[in-house]
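So the chains spell out like this:
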Amino acid sequence: MNNFFRSRFFIAIIIIACFLAGFMLNLVVDGGVMPHRTIIGIISSPFTTLGTNIKNGVGDFFASHSKYEELLAEKEALEKEIHDLKKRLENSYTLEVELERLRQLSNVTSKTENLELVEAQVVSVSTDGWTSTFSINKGSLAGIKEKDVVIASTGLVGKVRDVGPNWATVVAFTDPQIAVGAIVTRTNDAAMTEGTIELKAKGLCRLSYLNKNSSAIRGDLVQTSGLGGLYPAGILIGTIKDINIDDNGLTKYAVIEPAVDFTDLRKVYVSINYASEESE
Amino acid sequence: MVKKSFLYTLCFLLLFLIEAVFRPITVFGVSPLYVLCGTVAVGILENEKFGGIFGLIFGLFCDFAGGSVFGSQAICFMFVGFLAGAISDAVLSKGLARTVIFTEGAIIFFNLLKALFAIILDESDFIQILLYILLPKVLLTLPFSILIYYFIRLIRHFSDRNRERKRLW
């Protein structure tokens, strides 16, 4: 047993563990840089990108064959929807002109209008089960920075946590560590989304601190409020699935179903020009 | 030795891709820890050096895929791979039972440690952690620790047999 503890390899293991622990501590305390992370990112990125391309290719191939009937029905439904939407678009054009006129009068501009977006592919997902994080195949070379807002075609995804030259790690807003200022679109009630372990496991998140008198109901849409300056206002977060009164009896909370399907997230867009108030 | 290491590297790359990219099995957002299973199997079937080195490298890969603190899985995998190979046969004989005990033991130990931090720092609920993280991880990883053990053993046999053939020629 003495030989075991005195072996060179055991000592090497201890030294490496100390180095890693030191880097971890530095990251947690100071938010310091981790050079080995960048190296690992550069090495593993091609493999994860290749793996993702294979996964998506194979998935698409089988989906297109096995779900043929389903796709036909979906196509018909979509054609109907397009027809309806075209009608609504014609009506909305008038409203858009009216809105623009009112905006000019009140001097208010939409914060999501001028977002400069970088398209990226999700290449790998967190494996530890504790966090909702994933890696994307674009990094600082594409202009991505820490705390940049990440969205998908359907709504809010989260924020960039770490960046390397050709990769970035994104924390989803359903993660227990993340809170987002939100607003219920119909009632204009301000609240905050928070992740919990239980809801994260079910692919949901919580909308906390809703006013007790809020008339928000199931099915209401929730979007970013822009309060706090970390996220631009007006990005869709999700739909209220359930609403209850908090244990303290003073506020309400709701369970939100995110607009983004995190189980099948392939493509995201990183806003590289939104300067949050915090970073300013 | 080089050929065997190359084969193990390919095997670990595959396990990493299954764990972080393909994710064929996911319950409550948790998928089996294939890389940890491979690390323990290699540590036991080869030696502590193989277990430690592969645990460190592919633990870092898993950390890169995402997670709480970068490096935590690398340290965990490195120590587990090392201990799986280094522990005396008198304590626990080499084989499948040792693989399963080490894999499951490592998952329980390191997740309980994380749970402790989560409860102290974030006031997380232990029951939620148990139901939605720890139990799914333990149960999902169990069958794969057996499958991957046999897979690694197959690679080892294949590599050793080839080396023996070459030596005879």
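Scroll up for the structure.
None of these values were measured; they are calculated from a predicted model.

1. Structural notes on the interface of chain A and chain B
As a measure of interface size, the accessible area lost when the parts come together is often cited. Across the contact, 46 residues belong to chain A and 49 residues belong to chain B. Both faces considered, chain A and chain B share a buried interface measuring about 4100 Å² in area, 74% of it formed by carbon and sulfur atoms. Taken as a group, Phe9, Thr127 and Trp130 of chain A account for 19% of the area that chain A buries against chain B, more than any other trio of residues on that side. Counting across the interface, chain A meets chain B through zero salt bridges. Put simply, chain A and chain B have seven residue pairs in polar contact (both at pLDDT 80 or more) between them. Among the elements that line the side of chain A that touches chain B, the one with the most residues is helix H3 (residues 35-66) of chain A, at 12 residues. Its residues placed into classes, the side of chain A that touches chain B shows 23 nonpolar, 17 polar and six charged.

2. Regarding the sheet that holds strand E1 (residues 117-125) of chain A
Sheet architecture is closed into a barrel: six strands sit in the order E1-E2-E5-E4-E3-E12 (chain A), paired in antiparallel fashion. Ignoring which end each strand starts from, the neighbouring axes of this sheet average 45° apart. The pairing of E1 of chain A with strand E2 (residues 133-136) of chain A spans three bridges and is antiparallel. Paired with Val122 of chain A across the two strands is Ile136 of chain A, which belongs to E2 of chain A. Packed on one face of the sheet, helix H3 (residues 48-65) of chain B meets E1, E2 and strand E5 (168-172) of chain A and runs near 95° to E2 of chain A.

3. Observations concerning the packing of aromatic side chains
Residues and elements named next belong to chain B. Considering all chains together, one arrives at 14 aromatic pairs over all chains under this definition. Look at Tyr8 and Phe54: their rings are 6.1 Å apart centre to centre, the planes differ by 80°, and that puts the pair in the edge-to-face class. Here Tyr8 is found in helix H1 (residues 2-22), whereas its partner Phe54 is found in helix H3, with 46 residues between them in sequence. Taking 5.0 Å as the distance between ring centres and 75° as the angle between the ring planes, the aromatic pair formed by Tyr34 and Phe144 counts as edge-to-face. Here the residue Tyr34 occupies a position in helix H2 (residues 34-45), and Phe144 occupies one in helix H6 (residues 126-168), the gap between them amounting to 110 residues. The residues Tyr34 and Phe144 share a single accessibility class, namely buried. By the ring-pair criterion, three or more aromatic residues cluster together here, those being Tyr8, Phe12, Phe16, Phe50, Phe54, Phe58 and Phe61.

Definitions and cut-offs
Residues numbered from 1 in each chain as written. Chains lettered and ligands numbered in written order. Predicted model: local features only at pLDDT ≥ 70, side-chain atom pairs only at ≥ 80, totals over all residues. Heavy atoms only, no water. Contact = heavy atoms within 4.5 Å. Buried area = accessible area lost by both parts, 1.4 Å probe. Salt bridge = Lys/Arg side-chain N within 4 Å of Asp/Glu carboxyl O. Polar contact = N/O pair within 3.5 Å; in protein donor to acceptor, adjacent residues only side chain to side chain. Helix = DSSP H or I, 4+ residues; strand = E, 2+ residues; numbered from the N terminus. Nonpolar A, V, L, I, M, F, W, Y, C, P; charged D, E, K, R; others polar. Pairing = 2+ DSSP bridges. Axes fitted to C-alpha atoms, helices over the stretch in contact; angles between N-to-C directions. Phe/Tyr/Trp six-rings, centres within 6.5 Å; stacked < 30°, edge-to-face > 60°. Buried < 20%, exposed > 50% of the residue type's maximum accessible area, 1.4 Å probe, protein only.

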